[in-house]
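# Close look at the chain arrangement
Each chain is listed here by its residues.
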Amino acid sequence: MSDQRSTATREEPESGGEPQTFGRCTECGTVYPAQIAPGGEVRPVGTDGTCHCGNDEFATPTGE
Ligand SMILES: [Zn+2]
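Source: prediction; values computed, not measured.

Analysis parameters
Residues numbered from 1 in each chain as written. Predicted model: local features only at pLDDT ≥ 70, side-chain atom pairs only at ≥ 80, totals over all residues. Helix = DSSP H or I, 4+ residues; strand = E, 2+ residues; numbered from the N terminus. Buried ≥ 20, exposed ≤ 12 C-beta atoms within 10 Å, placed from the backbone. Contact = placed C-beta atoms within 7 Å. Pairing = 2+ DSSP bridges.

## Section: the environment of T26
- Of note, T26 is situated in the loop between β1 (20–25) and β2 (31–36).
- For T26, a count of 13 C-beta atoms within 10 Å puts it in the partly exposed group.
- Along the primary structure T26 and T60 are separated by 34 residues, whereas in three dimensions their C-alpha atoms are 9.6 Å apart.
- The contact partners of T26, leaving out residues within four places of it in the chain, are N55, E57, F58 and A59.

## Looking at the sheet that holds strand β3 (residues 42–44)
- The strand order across the open sheet formed by four strands is β3-β2-β1-β4, and the pairing between neighbours is antiparallel. Only two strands of the sheet have a single neighbouring strand rather than two, namely β3 and β4 (58–59).
- For β1 and β2, the ladder comprises five bridges, and the chain directions are antiparallel. Paired with Q20 across the strands is Q35, a residue of β2.

## Some remarks on the environment of Q35
- Considering the arrangement of structural elements, one finds Q35 in strand β2.
- Taking C-alpha positions, Q35 is 6.8 Å from V45, a pair spaced ten residues apart along the chain.

## What to know about the pairing of β2
- Where β1 folds back onto β2 in an antiparallel hairpin, the turn is made up of five residues, including G29, whose phi is positive at roughly 85 degrees.
- In this structure, β2 lies alongside β3, joined through three bridges in antiparallel fashion. Across the sheet, A34 pairs through a bridge with P44, a residue of β3.
- The antiparallel pairing of β2 with β3 creates a hairpin that spans five residues between the two strands, and G40 there sits at a positive phi of about 95 degrees.

Right under this line is the structure:
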């Protein structure tokens, strides 16, 4: 049996703890709802972590 479920990739939008914000793609400027990872990384919610343009770097519109 090799039925390993990758629960690590399953993120609840309201897990209570991580602030929810917006992330803007640094390439094309598309804005996604996002969460800030503990390390300060902006991670878009509802995608696999990358923009539709292929970029995986996001910045918060607030500038911080
Ligand atoms: Zn993009």
